[in-house]
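# Chains, contacts and geometry: an overview
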Amino acid sequence: MTVFTTLLGLLPLMFATGTGAQIMKRLATPMVGGLFSVALLALVVLPAVYMLIQRFRYREQLRAGENGRPQVRPLPEEDAQAGVS
């Protein structure tokens, strides 16, 4: 949300035509590009990579298990008694 409000605040600098607009355009353009790419990475690419890693790990667990069941590591004694999962 903060990234999008910052992008909206930088848009007038990118499209300015008054005195000193050339300097402001040169500052605002890379900032907008950087913020846009970071937002895209954080909202789309990283969750997709995370899902791929989780699928890979689950498939590896299925291969390691017997009868198609994934191997499950037992909880430590103290966590099992407390009911923490």
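One structure accompanies this document, and this report is about it. Predicted, not measured: the structure shown is a model, and the values here were computed from it.

The next point concerns the overall build of the chain. A count of helices and strands for the chain gives 3 helices and 0 strands. Its helices and strands in sequence order give the chain the pattern α-α-α, from N to C terminus. Taken over 85 residues, the chain has a buried fraction of 9%. A fraction of 26% describes how many contacts in the chain between residues 6 or more apart in sequence connect residues 24 or more apart.

Another point: helix H1 (residues 2-14). Along an α-helix, residues three or four apart share an orientation, since each turn contains 3.6 residues. With 13 residues, H1 ought to run about 18 Å at 1.5 Å a step, and its terminal C-alpha atoms sit 19 Å apart, in line with that. Regarding H1, the residues found buried are Leu7, Leu10 and Met14. Its buried side turned inward, H1 meets helix H2 (21-64).

What follows covers a nonpolar patch on the surface. Residues Phe4, Phe36, Leu40, Leu41, Leu43, Val44, Val45, Val49 and Ile53 make up a contiguous nonpolar surface patch of roughly 800 Å² in combined accessible area. Per-element accounting of the nonpolar patch gives the leading share, 8 residues, to H2. With respect to the secondary-structure elements, Val44 resides in helix H2. Judged by relative accessible area, Val44 falls into the partly exposed class, the value being 47%.

Taking 1.5 Å of rise per residue, the 44 residues of H2 would be expected to cover 64 Å, and the 62 Å separating its terminal C-alpha atoms lies within 8% of that figure. By the largest-angle criterion, Leu41 marks the main kink of H2, which is about 40 degrees. Within H2 the residues assigned to the buried category are Ala21, Ala28, Val32 and Ala39.

A few words on the environment of Ile23. Note that Ile23 resides in helix H2. What makes Ile23 exposed here is its relative accessible area of 58%.

Let us now look at the nonpolar core. Formed by Leu7, Leu10, Met14, Ala28 and Val32, the largest nonpolar core amounts to 5 residues. Secondary structure elements with two or more residues in this core: H1 and H2. Examining the composition of this core, we find that 3 residues originate from one element, H1, more than from any other. Discounting chain neighbours no more than four positions away, the residues touching Val32 are Leu7, Leu10 and Met14.

Rules of the game
Residues numbered from 1 in each chain as written. Predicted model: local features only at pLDDT ≥ 70, side-chain atom pairs only at ≥ 80, totals over all residues. Heavy atoms only, no water. Helix = DSSP H or I, 4+ residues; strand = E, 2+ residues; numbered from the N terminus. Buried < 20%, exposed > 50% of the residue type's maximum accessible area, 1.4 Å probe, protein only. Contact = heavy atoms within 4.5 Å. Expected span 1.5 Å × (residues − 1). Patch = residues over 30% accessible without salt bridge, like charges linked within 9 Å, V, L, I, M, F, W, Y side chains within 5 Å. Areas by Shrake-Rupley, 256 points an atom, 1.4 Å probe, with all protein chains shown as cover. Salt bridge = Lys/Arg side-chain N within 4 Å of Asp/Glu carboxyl O. Bend = angle between axes of the 7 residues up to and from the residue. Core = buried A, V, L, I, M, F, W, Y, C linked by side-chain atoms within 4.5 Å.

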